Each structure stands twice: as C-alpha cells, then as structure tokens.
Amino acid sequence: QVQVVESGGGLVQPGGSLRLSCAASGSISGIYVMGWYRQAPGRQRELVATMPGGGAPIYAESVKDRFTISRDNAKNAVYLQMNSLKPEDTAVYYCNTEIITTQGNKYIYWGQGTQVTVSS
C-alpha cells in the first residue's frame, strides 16, 4: 500500500508565491520520478515540472524561471516552489510519482490534488 499526499495550495495574489509539498509513504522500495502536473477547468492535465531520480529537472515553458522543483529522497518527498504567480497558473495541482514497491512492482501514483488560485 502506497499513499501520496500533497499540501500547500491556496489563494494568492498575482505576483505572489506558494510552495507545494508532496510525500509518498508505505511499501516503497524506490522512486524513479517525482513531479507535478496541473489541470485547469475545461483543460487537459499538463506537465508542470518533473524530476527523474538523479536527473535534471524538466519544466513546462510556461513556468520556467518562475517555478523550482526539488526532491528530498530521504523523505520520499517532492516540492514545487512557485514564484511570480499569474492568474493563468490557477489550477488543481497533482503530484505524480513512479514508485517501485517492496514487492518489486512499478506503479504510477497520483496525489489527490491541491487547488491553487491566483486572483486579486
């Protein structure tokens, strides 16, 4: 059993900052990829940023130079620091992880989502 829990969303004014956190727990042997996706109303879910284990982070063009993804492998956690937020960043943000379980199986897990609203 694996759980993926996000936190840190909320309401912020344009130009403000938020930090999202995501932690995976349970029967985990290893984690390959941890990242963030988002889905705005009426739009498809899209990649925001992802970080392969031991690899360089990958960002969507729309968030480059504003968002920073980081991982804490000891805590099975991933973070998304979001600066200079814009109204178009408003969406539900989902944590995405590729996990190897203690049974040796590889699964992709999603968090429950956390709402980020950028509005004055």
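Per chain, residues are indexed from 1 in the order of the written sequence. The predicted origin of the model limits local features to residues at a pLDDT of at least 70 and limits the giving and counting of side-chain atom pairs to 80 or more, whereas totals for whole chains, interfaces and linings rest on all residues. For side-chain calculations, the full set of non-hydrogen atoms in the structure is used, while hydrogens and water are omitted.

1. Let's talk about the pattern of salt bridges
Definition used for salt bridges: Asp or Glu carboxyl oxygen within 4 Å of a side-chain nitrogen of Lys or Arg. Scanning the model with the defined rule gives five salt bridges in all. Shared partners join several salt bridges into a network, and the residues in it are R38, E46, R66 and D89.

2. Focus on the pairing of strand β11 (residues 114-118)
Only protein chains enter the calculation, and the probe is 1.4 Å; a residue is then buried if its accessible area is under 20% of its type maximum, exposed if over 50%, and partly exposed in between. Note on conventions: DSSP H or I runs of at least 4 residues are helices, E runs of at least 2 residues are strands, and numbering of each starts at the N terminus. On β11, burial follows the alternation: T114, V116 and V118 on one face are buried, whereas Q115 and T117 on the facing-out side are not. Here three bridges tie strand β9 (residues 91-101) to β11, and the two strands are oriented antiparallel to one another. Looking at the pairing, Y93 lines up with T114 of β11. The pairing criterion is simple: DSSP has to find at least two bridges between the two strands.

3. Considering the nonpolar core
One finds W36, V48, F67, L80, M82 and Y93 to be the most contacted residues of the largest nonpolar core, which totals 28 residues. At the level of elements, β1 (2-7), β3 (18-26), β4 (28-39), β5 (46-52), β7 (67-72), β8 (77-82), β9 and β11 are the ones that each hand at least two residues to this core. Here, nonpolar core means buried Ala, Val, Leu, Ile, Met, Phe, Trp, Tyr and Cys residues that are tied together by side-chain atoms lying within 4.5 Å of each other.

4. Examining the environment of D65
Assignment of secondary structure puts D65 in the loop between β6 (58-59) and β7. Sequence-wise, D65 and S84 are 19 residues apart; in three dimensions their C-alpha atoms are separated by 9.3 Å.

5. A closer look at the sheet that holds β3
An order of β1-β3-β8-β7 is seen for the four strands of this open sheet, with the pairing classed as antiparallel. Where the open sheet ends on each side, the last strands, each with one partner, are β1 and β7. Each adjacent strand pair in this sheet contributes to an overall mean axis angle of 15 degrees, direction not counted. As paired strands, β7 and β8 are joined by six bridges and run antiparallel to one another. Lines are fitted to the C-alpha atoms to define the axes, a helix being fitted only along its stretch in contact, and any angle between axes, read from their N-to-C directions, falls within 0 to 180 degrees.

Any functional reading would require information beyond the geometric quantities listed.
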